[in-house]
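# Working through the structure, step by step
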Amino acid sequence: MSYDPYIVGLTGGIGSGKSTIAQRFRELGIEVVDADQASRKVVEPGMPALNIIADRFGAKMIKSDGTLNRAAMRQLIFSQPLEKTWLENLLHPLIAEWIVDQLQRAESAYVMLESPLLLETEQHQLVNTLLLVDLPESLQLSRTAERDGDPKQQIQSIIDSQMARDDKLRRANYVFDNSLALDTVTPRITVLHETFLHLALESLHDD
Ligand code: ADP
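Residues numbered from 1 in each chain as written. Predicted model: local features only at pLDDT ≥ 70, side-chain atom pairs only at ≥ 80, totals over all residues. Heavy atoms only, no water.

### Regarding the site of the ligand
Lining the immediate surroundings of the ligand are 14 residues, of which Lys-18, Ser-19, Thr-20, Arg-147 and Leu-180 lie closest. In this structure, Ser-16 approaches the ligand through a main-chain N or O atom, which is 3.2 Å from an oxygen atom. Here a nitrogen atom of the ligand sits 3.1 Å away from a polar atom, N or O, in the side chain of Arg-143. Considered on its own, the ligand offers 560 Å² of accessible surface; in the complex 78% of this is hidden by protein. Secondary-structure elements contributing two or more residues to the shell around the ligand are helix H1 (18-27) and helix H6 (137-148). Counting residues per element, the shell around the ligand draws most heavily on H1, at three residues. Across the shell around the ligand, the residue classes tally to four nonpolar, seven polar and three charged. (Near = heavy atom within 4 Å. Polar contact = N/O pair within 3.5 Å; in protein donor to acceptor, adjacent residues only side chain to side chain. Areas by Shrake-Rupley, 256 points an atom, 1.4 Å probe, with all protein chains shown as cover. Helix = DSSP H or I, 4+ residues; strand = E, 2+ residues; numbered from the N terminus. Nonpolar A, V, L, I, M, F, W, Y, C, P; charged D, E, K, R; others polar.)

### Regarding the sheet that holds strand E5 (residues 174-177)
Ordered in space as E2-E3-E1-E4-E5, the five strands form an open sheet in which the pairing is parallel. Strands at the two margins of the open sheet, each flanked by one partner only, are strand E2 (31-34) and E5. Taking each pair of neighbouring strands and ignoring which way they run, the sheet shows an average axis angle of 25 degrees. In the sheet, strand E1 (residues 7-11) pairs with strand E3 (residues 111-114) via four bridges, with the strands oriented parallel. Residue pairing for E3: Ile-7 is matched across the bridge by Val-111. (Pairing = 2+ DSSP bridges. Axes fitted to C-alpha atoms, helices over the stretch in contact; angles between N-to-C directions.)

### Comments concerning the packing of H6 against helix H7 (residues 152-161)
Running from N to C, H6 and H7 point in directions that differ by 130 degrees, and their axes come no closer than 10 Å. In this view, H6 runs oblique relative to H7, as classed from their interaxial angle. In this structure, H6 crosses over H7, and the sense of that crossing is right-handed. Of the residues in H7, those touching H6 at Glu-137, Gln-140, Leu-141, Ser-142, Thr-144 and Ala-145 are Lys-152, Ile-155, Gln-156 and Ile-159. The residue inventory of the contact of H6 with H7, partitioned by class, reads four nonpolar, four polar and two charged. (Parallel < 35°, antiparallel > 145°, perpendicular 65-115°, else oblique. Left-handed = near helix turned anticlockwise from the far one by under 90°. Contact = heavy atoms within 4.5 Å.)

### Examining the packing of aromatic side chains
Tallying each qualifying case throughout the model produces four aromatic pairs. With 6.1 Å between their ring centres and 35 degrees between their planes, Phe-25 and Phe-196 make a pair best called tilted. Of the two residues, Phe-25 sits in helix H1 while Phe-196 sits in helix H9 (residues 185-206), which places them 171 residues apart along the sequence. No difference in accessibility class separates Phe-25 from Phe-196, as the two residues are buried. Measuring from ring centre to ring centre gives 5.4 Å for Tyr-174 and Phe-196, while their planes differ by 90 degrees; the resulting arrangement is edge-to-face. Of this pair, Tyr-174 sits in strand E5 while Phe-196 sits in helix H9, placing them 22 residues apart in sequence. Members of the aromatic cluster, connected to one another through ring pairs, are Phe-25, Tyr-110, Tyr-174 and Phe-196. The side chain of Arg-188 reaches across the aromatic face of Phe-176, ending 4.2 Å from its centre. (Phe/Tyr/Trp six-rings, centres within 6.5 Å; stacked < 30°, edge-to-face > 60°. Buried < 20%, exposed > 50% of the residue type's maximum accessible area, 1.4 Å probe, protein only. Lys NZ or Arg CZ within 6 Å of the ring centre and 35° of its normal.)

By themselves, these figures tell us nothing about what the structure is for.
Take a look at the structure:
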């Protein structure tokens, strides 16, 4: 018998703590589908999208090992917004297809979709409820800088390109305050986990 899994969306800006939080849910037995992994998968060598990209932009977009030249691609779409739209139109449906397939395969009590751009893309339409990892921008900036070693200006421009914190807060069903210390994370995740288990169970009765 197959049934639709109950899907919890997990989102938050760069360095907000999504991977950290997702890992805690995995430790509780919850399967997590990672949208970043999806966006890498669909342009792997042998996937049709890679050939379509090469046809449009030339062989310079493919590295000698056959993988996508991400740096060249980033540079191109940064300077040419129309090409960015073209690329999004190509990749978003493929990413969504991969995500839906993974979500359907999940066997845990509910399944989590982790995505930095859940609210910015149509991915939010896939989820039953939305958990936002939230923290003040200054902390987001300093934690990301510490993790990646990138210049703060570069991180700030990524933050600025993502949906504003207030807008995300307005659209979330649950908010995880990740400004608090790491040792407070696990007990608070356990409480959320219980809530999601209840919601998943209720959704079974609704069917
Ligand atoms: P994201 O996946 O959203 O980009 P990460 O989970 O990688 O974010 O977290 C960003 C950085 O902040 C990592 O180095 C992580 O170890 C650290 N971090 C996450 N949560 C906390 C916390 N509550 N307290 C201190 N550091 C944290």
